[in-house]
Amino acid sequence: MRIYPPVTPEEAQAWLTAQAAAAWGEEAAAGLADDIAAMAEAMSVVSSVQLPDDLEPLFP
Amino acid sequence: MTATDAPTALYSLTVTEAAAKIAVRELSVLDYNMAFIARTDELEPHIKAYAYLDRDGWLAEAKQLDEEAKAGKLRGPLHGIPFGIKDQFFVKGMPCTVSASWGVDFVPAADATLVARLREAGGIIAGTTYMPLRDGDPPTCNPWNLARTPGGSSSGSSAAVGARMLPAAIGESTGGSGIRPPSFCGVAALKPTFGRISGKGMYVYSWTLDHPTVISQTMADIALIYNCIAGPDPLDETGRTEPLEPVSAEVPATPPKIGRIVNYFPDLCQQVMLDQLDVAVAKLKDAGAEITDIMLPDGWDAVWPAWKLIMGAEQSTYHGRHTGALITSGADVAPVIADLVPATYYLQAMRVRRWLTDCVLPLFDQVDFLLTPAAVEEPPLGHGSGDNRMNSPWSAVGIPSLTFNIGLSPNGLPMGAQLAAPALQEDAILKVGAWCESVLGRLPTPDVTYPAAP
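Looking now at the overall build of chain A. Helix and strand counts for chain A stand at three helices and zero strands. Element order for chain A, N to C, with α for helix and β for strand: α-α-α. Taking 60 residues into account, the globule formula puts the C-alpha radius of gyration at 10 Å, and chain A, at 14 Å, lies well above it. Taken along its principal axes, the extent of the C-alpha atoms in chain A is 40 × 25 × 15 Å. Looking at the 60 residues of chain A, the share that counts as buried comes to 33%. The contacts of chain A with a sequence gap of at least 6 include a subset with a gap of at least 24, amounting to 56%.

So, about the sheet that holds strand β2 (residues 82-86) of chain B. Residues and elements named next belong to chain B. One open sheet accounts for eleven strands, arranged β1-β3-β2-β4-β6-β5-β10-β11-β9-β7-β8; its pairing is mixed. Each edge of the open sheet carries a strand with a single partner, namely β1 (50-53) and β8 (290-294). Put simply, the sheet's adjacent strands are angled 30° from each other on average, direction ignored. Sheet topology places strand β7 (residues 257-261) next to β8; five bridges connect them, and they run parallel. Looking at the pairing, Arg-260 lines up with Asp-293 of β8.

To continue, consider the layout of surface pockets. A water-sized probe, rolled over the atoms, reveals where empty space remains. All names here are of chain B. The computed volume of the second largest pocket comes to approximately 340 Å³. Around the second largest pocket, the lining is made up of 18 residues, and of these Gly-199, Lys-200, Val-204, Asp-236 and Thr-238 lie nearest the centre. Within the lining of the second largest pocket, the residues separate by chemical class into eight nonpolar, six polar and four charged.

Another aspect to go through is the confidence of the model for chain B. All names here are of chain B. This prediction gives chain B a mean pLDDT of 94; 96% of its residues lie at or above 70. Scored below 50 in pLDDT, residues 1-7 shows 13 contacts in the model against residues more than four places distant or in partner chains. Model confidence for the complex is summarised by a pTM of 0.96, with the ipTM given as 0.98.

Time to look at the interface of chain A and chain B. Taken together, the contact between chain A and chain B spans 31 residues of the former and 29 residues of the latter. Contact between chain A and chain B buries roughly 2,800 Å² in total, counting both sides, with carbon and sulfur atoms accounting for 78%. For the chain A face of the interface with chain B, the top three residues by lost area are Met-39, Val-46 and Leu-58 of chain A, together amounting to 24%. On the surface where chain A and chain B come into contact, there are zero salt bridges. Along the contact surface separating chain A from chain B lie nine residue pairs in polar contact (both at pLDDT 80 or more). Listed by contribution, the elements that provide at least two residues to the side of chain A that touches chain B are α1 (9-24) and α3 (33-48) of chain A. With nine residues, the single largest contributor to the side of chain A that touches chain B is α3 of chain A.

What follows deals with the nonpolar core. Residues and elements named next belong to chain B. One finds Leu-118, Trp-300, Leu-370 and Leu-419 to be the most contacted residues of the largest nonpolar core, which totals 147 residues. Broken down by element, this core gets its largest block of residues, nine residues, from helix α10 (residues 343-360). Apart from the residues within four sequence positions on either side, Trp-300 is in contact with Tyr-264, Phe-265, Trp-355, Leu-356, Cys-359, Val-360, Pro-393, Trp-394 and Val-397.

This part covers empty space enclosed by the protein. All names here are of chain B. Overall, the coordinates contain two cavities of 30 Å³ or more when judged by the stated rule. Counted as a void, the largest cavity has a volume near 100 Å³. Taken as a whole, the second largest cavity holds about 40 Å³ of empty space. Of all the elements in the fold, those that place two or more residues in the lining of the second largest cavity are β7, α8 (271-286) and β9 (369-373). For the lining of the second largest cavity, the element with the most residues is β9, which contributes three residues. Looking at side-chain class alone, the lining of the second largest cavity contains six nonpolar, one polar and one charged residues.

Once that is clear, we can look at helix α7 (residues 219-229) of chain B. All names here are of chain B. The buried fraction of α7 is high, at eight of eleven residues. Within α7, burial applies to Met-219, Asp-221, Ile-222, Ala-223, Ile-225, Tyr-226, Cys-228 and Ile-229. Gly-231 sits one or two residues past α7 and shows a positive phi near 110°.

Further remarks concern the environment of Met-165 of chain B. Residue and element names in this part refer to chain B. Within the element layout of this structure, Met-165 appears in the loop between α5 (155-162) and β4 (168-173). Judged by its relative accessible area of 0%, Met-165 is buried. In this structure, the C-alpha to C-alpha distance between Met-165 and Ala-38, residues 127 residues apart in sequence, is 8.5 Å. For Met-165, the residues in contact, after removing those within four places along its chain, are Phe-36, Arg-39, Thr-40, Leu-43, Glu-44, Ile-47, Ala-49, Tyr-50, Trp-58 and Ala-160.

This part covers the pairing of strand β3 (residues 124-129) of chain B. Residue and element names in this part refer to chain B. Among the six residues that make up β3, six are buried, leaving the element largely enclosed by the rest of the structure. Here β1 runs beside β3; their pairing, made up of three bridges, is antiparallel. Within β3, the residue paired with Tyr-52 across the bridge is Thr-128. The sheet contact formed by β2 and β3 spans five bridges and is parallel. Counted as the bridge partner of Phe-83 is Ile-125 from β3.

All names here are of chain B. If you walk through the whole model with that rule in mind, you get zero disulfides over all chains. The thiol sulfur of Cys-436 is not disulfide-bonded, and the nearest other cysteine sulfur, from Cys-269, lies at 17 Å. Classification of Cys-436 by relative accessible area gives buried; the value is 0%.

About the thresholds
Residues numbered from 1 in each chain as written. Chains lettered and ligands numbered in written order. Predicted model: local features only at pLDDT ≥ 70, side-chain atom pairs only at ≥ 80, totals over all residues. Heavy atoms only, no water. Helix = DSSP H or I, 4+ residues; strand = E, 2+ residues; numbered from the N terminus. Rg over C-alpha atoms; globule rule 2.2 N^0.38 Å. Buried < 20%, exposed > 50% of the residue type's maximum accessible area, 1.4 Å probe, protein only. Contact = heavy atoms within 4.5 Å. Pairing = 2+ DSSP bridges. Axes fitted to C-alpha atoms, helices over the stretch in contact; angles between N-to-C directions. 1 Å grid on protein atoms, 1.4 Å probe; cavity = no way out; pocket = protein on both sides within 12 Å on 5 of 7 lines; lining within 4 Å. Points joined across faces, edges and corners; volume = space filled by probe spheres on them. Nonpolar A, V, L, I, M, F, W, Y, C, P; charged D, E, K, R; others polar. pLDDT = per-residue confidence, 0-100. Buried area = accessible area lost by both parts, 1.4 Å probe. Salt bridge = Lys/Arg side-chain N within 4 Å of Asp/Glu carboxyl O. Polar contact = N/O pair within 3.5 Å; in protein donor to acceptor, adjacent residues only side chain to side chain. Core = buried A, V, L, I, M, F, W, Y, C linked by side-chain atoms within 4.5 Å. Disulfide = S-S within 2.5 Å.

Now the structure itself:
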């Protein structure tokens with residue numbers, strides 16, 4: 001899944017749903033719809049944050 | 001012996017008071033512990049705080065330490081003080097099940113570092129305390145109202161201290177579990193800087209977010225316990241290596257300079273919480289505190305999604321071996337969406353985490369501490385963990401935070417505030433916590449006249 005340009009929640013949701021269906025089947029993916037929506041929202045926000053180019057990850 | 005004929009006032013002593021009395025032989029270790037054992041016998045059927053209660057071991061250890069105290073031998077500053085340990089830390093000889101989460105069930109052969117340090121300081125391990133179960137909420141009830149949650153995941157530790165079944169306990173905060181539950185149960189807690197208390201011997205939830213926490217009645221208690229268990233641990237690869245400078249919760253002569261965060265956080269809170277914080281802030285200001293409104297920079301609300309991605313990916317990675325074993329054994333294990341978080345997003349969340357940290361630290365040039373509610377609401381009905389969004393930012397950033405009580409809601413339920421400070425400022429944050437405590441007072445022991453247990 002790309003990070004740039006930022007993904008929309010809908011794009012992330014479609015990607016996660018497809019991955020879940022491939023991993024666990026369509027029925028399981030449908031059962032995860034709420035979790036998928038929440039994770040897709042998180043992915044969308046994180047991909048949208050404008051960060052300095054040289055910013056490194058923080059591993060405390 | 002029952003709670004009625006035990007020397008009941010003893011369970012209301014703070015750790016600091018009890019330790020001082022034990023040190024000068026004004027208080028028998030055995031009498032002190034019997035007060036808690038009797039109260040546990042009476043209340044545990046209602047509260048359900050313990051995943052594993054070692055009643056016989058507790059009593060035997062109390063007798064041993066009582067004899068030693070009578071002979072003038074004190075093991076350390078916590079001689080004879082009983083503790084509960086969240087069922088996430090290894091306690092030698094006691095089952096570790098992570099409250100039946102993840103198919104874990106074994107008896108550790110050695111103590112977690114913090115447990116060993118408690119014992120070295122004279123502490124007694126009464127048992128392990130509940131956290132949420134794998135397939136549901138913990139059975140633990142809030143001592144202030146059995147229909148309400150104590151919060152999670154440090155449910156049992158917080159409820160046991162809140163009910164005065166124990167004077168202190170150890171919790172853990174990945175997203176707020178060591179702050180919100182104590183606030184729900186009307187007691188105090190400190191989440192130190194990431195790595196300041198060793199995580200060696202802790203069942204990991206999230207490698208870079210897990211913070212062992214100290215739960216007790218007062219800031220002074222927390223300082224006393226923190227001094228015994230914090231500091232470098234060669235066995236803890238993610239721990240802080242700076243030498244420990246002992247802290248105190250001495251009330252400072254000068255009132256604190258506090259910034260009340262007025263964006264993002266309040267938007268998430270129920271009005272009852274904001275009203276209660278308003279009342280507390282007015283009292284603190286009247287007592288001389290300089291409390292100003294402070295704004296987090298635009299975009300700071302990315303902290304919650306970043307935390308979610310980091311926690312999810314790390315949890316899925318660490319626990320994969322256990323869920324894999326469950327699947328192999330034929331168990332019906334529900335899939336977890338965090339298993340599918342791409343590595344690129346995990347790393348991007350870690351970059352966002354760096355940016356968030358860089359945004360917060362300059363705020364401490366304006367004020368010494370940041371103030372928010374400790375929870376978005378009063379303790380909700382049921383047994384759920386509660387909304388962690390007041391707390392997870394300080395786990396993500398890794399700076400110390402604490403909770404102190406700010407009174408009771410109109411429903412008679414404990415409400416807490418939360419302070420945050422720069423990394424390694426545990427001494428300063430405990431002192432200001434003590435100052436707030438001195439102004440606002442502590443809650444009384446909750447009324448525990450419950451209906452007969454089923």
